[in-house]
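# Architecture at a glance
The lines below spell out each chain.
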Amino acid sequence: MRAVADRDAYANLLLPALLAERGLTGRDAAFATELTYGTLRGRGTYDAILAACSDRDQLDPPVHDVLRLGAHQLLATRVGPHAAVATSVDLAKDVCGPRPSGFVNAVLRRVATRDLDAWTEIVAPSRDQDPLGYLAVRYSYPRWIIEAFRDALGEASAAELEDALAAGNLRPDVVLAVTPAQADGPDADDGDPARLAPPNTTPTRWSPYGLRLAGGDPAPLVASGQAVVQDEASQLAALALTRVSLADDARVPGQDRLWLDLCAGPGGKARLLAGLAAGRGACLVASDLRPHRAGRVQAALRRAGITPAVIAADGRRVPWRPGTFDRVLADVPCSNLGSLRRRPEARWRKTPDDVAELAAVQRALLDAAIESVRPGGVVAYVTCSPHLAETRDVVTAVADRRGDVTILDAPAVLAEVPGLRASDPRFAQFWPHRHGTDAIFLVLLRRD
């Protein structure tokens, strides 16, 4: 937790390495994971409760983190109150010295006098007078993210907003993607992947290459090249690009040989697309701005038994000629507000200013993706965010300015998945509370 605060570390990357370094496995590893992720997710709620239980306006950051960890144990786990308080006091002594331990003991004993629901009613604003303020404390989100979810849900927000917020606090299942066999042919994405399934997995609901891990560590499957960790909605977004029929053009009749993943790192979608491309006699080129991320893509493809075609290039200033590719995936950098289940610190790290800066990059990348595809070819614009500034606004701004693209009916391409239509019915929006996936956004565009 200190690394997340001090070094902008990502908990989902750092924690597994720490668990291995310290030799924690089984129940101990699961408990350490719950403490870390649960405390980071619930920080907004716990800070409001701790403020009501403390007479200090400012807390030293390490002391504050110890108190948050203690509050999570007391209010959201089955750890007994005495054990939660005692271990928190011991931790305070270890990391902060003896002086703050009495303060930690006193505050957490006050926290232990009520359960989470009772504290929420005390410290949250009135639901009637300030509904968003109430939800911010109840579900531990910054207000601006709640507003973004409300706007993205549109008319459904009255019925679904709380469900969407609650779903963002649930621990997600581990979902894997296997690589399509190169012999599967053009309709590979409609097949049955059961023969590819590693042990202890079950098929996902819609992606024919998705597998849900019932338990255990996915690392051996990933290291062996059998599978990669990838959310089901991410798989479906990549598959949607491959399902669209291309329009013939007099200059490039019937061609479907060269595909592009414009922002390919760390390589999950590139892995899936490359396997499907190979089955059709096509080739995927994977590109990423940062050389080390391009290297990760290359390694992921090689583990899957795919000969990689990977380059490091700025997707906004591409090194290839216009109209080079038949299909282009633009899975653009975004705020990751759609994956808050997996990135618990992201809700506290991002700001509305970050979203505005990202939107400018996203517009440039979508523009470059459209320039890169031939007339009659297709572009998939994908974000792991439901925020309208990163989704609807980017697509409509670029499409309206250019005037040479047609926005296709993305939900119809994924007709097996219910509840995908966004406020613009041509756009597909996944939601954790509806689909059990990350909140992935997808638009399909054909170059005229």
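See the structure above.
Residues numbered from 1 in each chain as written. Predicted model: local features only at pLDDT ≥ 70, side-chain atom pairs only at ≥ 80, totals over all residues. Heavy atoms only, no water.

### Some words on the overall build of the chain
- Broken down by element type, the chain carries 20 helices and twelve strands.
- Against the compact-globule benchmark of 22 Å for 448 residues, the chain has a radius of gyration of 24 Å, which places it among compact chains.
- Expressed as lengths along the three principal axes of its C-alpha atoms, the size of the chain is roughly 80 × 50 × 35 Å.
- A total of 448 residues make up the chain; the buried ones form 54% of that total.
- Summarising the internal contacts of the chain: among those between residues at least 6 apart in sequence, 72% fall at separations of at least 24.
- Element-wise, carbon and sulfur atoms account for 50% of the exposed surface of the chain, whose accessible area totals about 19700 Å².
- Taking the average place of the 53 positive charges on the side chains of the chain and the average place of its 55 negative ones, the gap between the two points comes to 4 Å. (Helix = DSSP H or I, 4+ residues; strand = E, 2+ residues; numbered from the N terminus. Rg over C-alpha atoms; globule rule 2.2 N^0.38 Å. Buried < 20%, exposed > 50% of the residue type's maximum accessible area, 1.4 Å probe, protein only. Contact = heavy atoms within 4.5 Å. Areas by Shrake-Rupley, 256 points an atom, 1.4 Å probe, with all protein chains shown as cover. Lys, Arg positive; Asp, Glu negative; His and termini not counted. Charge placed at Lys NZ, Arg CZ, Asp CG, Glu CD.)

### Here's the deal with the side chain of Ser234
- If you trace the backbone, Ser234 turns up in helix 13 (residues 232–243).
- Looking at Ser234, the relative accessible area reads 8%, which means it is buried.
- Among residues more than four places away in sequence, those in contact with Ser234 are Lys269 and Ile440.

### Comments concerning the state of the cysteines
- Evaluation of the coordinates by the stated rule reveals zero disulfides.
- Of all cysteine sulfurs, the one in Cys53 lies closest to Cys96, which takes part in no disulfide; the gap is 18 Å.
- A relative accessible area of 24% places Cys96 in the partly exposed class.
- Free of any disulfide, Cys384 has its nearest neighbouring cysteine sulfur in Cys334, separated by 5.5 Å.
- Residue class for Cys384 comes out buried when judged on its relative accessible area of 12%. (Disulfide = S-S within 2.5 Å.)

### Re helix 4 (residues 43–53)
- By the burial criterion, the buried members of helix 4 are Thr45, Tyr46, Ile49, Leu50 and Cys53. Here the buried residues of helix 4 occupy an arc of 125 degrees about the axis, which is enough to place them on one side.
- Here the buried face of helix 4 lies against helix 3 (26–41), helix 5 (61–76), helix 7 (101–111), helix 8 (116–123) and helix 9 (131–139). (Arc of directions from axis to C-beta.)

### Remarks on the packing of aromatic side chains
- Applying the stated criterion across every chain, the model contains five aromatic pairs.
- Residues Phe427 and Phe441 carry aromatic rings whose centres are separated by 5.6 Å and whose planes lie at 80 degrees to one another, so their mutual orientation is edge-to-face. You can see Phe427 sitting in the loop between helix 19 (410–413) and strand 11 (428–429) and its partner Phe441 sitting in strand 12 (residues 441–447), a full 14 residues away along the chain. Of the two residues examined, Phe427 and Phe441, each falls in the buried class. (Phe/Tyr/Trp six-rings, centres within 6.5 Å; stacked < 30°, edge-to-face > 60°.)

### With respect to the environment of Ala380
- Along the chain, Ala380 falls in strand 9 (residues 373–383).
- Classification of Ala380 by relative accessible area gives buried; the value is 0%.
- Taking the C-alpha atoms as reference, Ala380 lies 40 Å from Gly26; in sequence the two are 354 residues apart.
- Those residues in contact with Ala380 that sit more than four places away from it in its chain are Leu241, Val328, Leu329, Ala330, Leu442, Val443 and Leu444.

### Observations concerning the sheet that holds strand 1 (residues 174–178)
- Strand order in the open sheet formed by four strands is 2-3-1-4, with antiparallel pairing between adjacent strands. Two strands lie at the open edges of the sheet, namely strand 2 (201–203) and strand 4 (227–229), each paired on one side alone. Put simply, the sheet's adjacent strands are angled 35 degrees from each other on average, direction ignored.
- The pairing of strand 1 with strand 4 spans three bridges and is antiparallel. Its bridge partner lying in strand 4, Ala177 is registered against Val228.
- The strands touched by helix 13 within the sheet are strand 1 and strand 3 (210–213), with strand 1 carrying the most contacts at an inclination of about 30 degrees. (Pairing = 2+ DSSP bridges. Axes fitted to C-alpha atoms, helices over the stretch in contact; angles between N-to-C directions.)

### Considerations on the pairing of strand 6 (residues 283–288)
- Along strand 6, five of the six residues are buried, which leaves the element largely enclosed by surrounding structure.
- Pairing analysis gives four bridges linking strand 5 (residues 258–261) to strand 6, with the strands arranged parallel. Residue pairing in the sheet places Leu258 in a bridge with Cys283 of strand 6.
- What joins strand 5 to strand 6 is helix 14 (residues 268–279), and the crossover it makes is right-handed.
- In this region the chain leaves strand 6, passes through helix 15 (residues 291–303) and returns to the parallel neighbour strand 7 (residues 310–312); the handedness of that crossover is right-handed. (Right-handed = clockwise from strand over helix to strand, strands pointing away.)

### A look at the pattern of salt bridges
- One pass over the full model with this rule turns up 32 salt bridges.
- Residues joined in a network through salt bridges with shared partners are Asp367, Glu371, Arg401, Arg402, Asp404 and Arg447. (Salt bridge = Lys/Arg side-chain N within 4 Å of Asp/Glu carboxyl O.)

### With respect to the nonpolar core
- In this structure, Leu414, Phe430, Leu442 and Leu444 are the most contacted members of the largest nonpolar core, which totals 50 residues.
- Tyr381, Val394, Val405 and Phe427 belong to the second largest nonpolar core, which has 27 residues in total. (Core = buried A, V, L, I, M, F, W, Y, C linked by side-chain atoms within 4.5 Å.)

### Description of the packing of helix 4 against helix 5
- Interhelical geometry of helix 4 versus helix 5 gives an angle of 100 degrees and a closest axis separation of 10 Å. Our classification of the angle between helix 4 and helix 5 gives roughly perpendicular. Mapping the contact onto sequence places Arg43, Tyr46, Asp47, Ile49 and Leu50 in helix 4 and His64, Leu67, Arg68, Ala71, His72, Leu75 and Ala76 in helix 5. (Parallel < 35°, antiparallel > 145°, perpendicular 65-115°, else oblique.)

### What to know about the side chain of Ser287
- Among the structural elements, Ser287 can be located in strand 6.
- The buried category is assigned to Ser287, whose relative accessible area is 1%.

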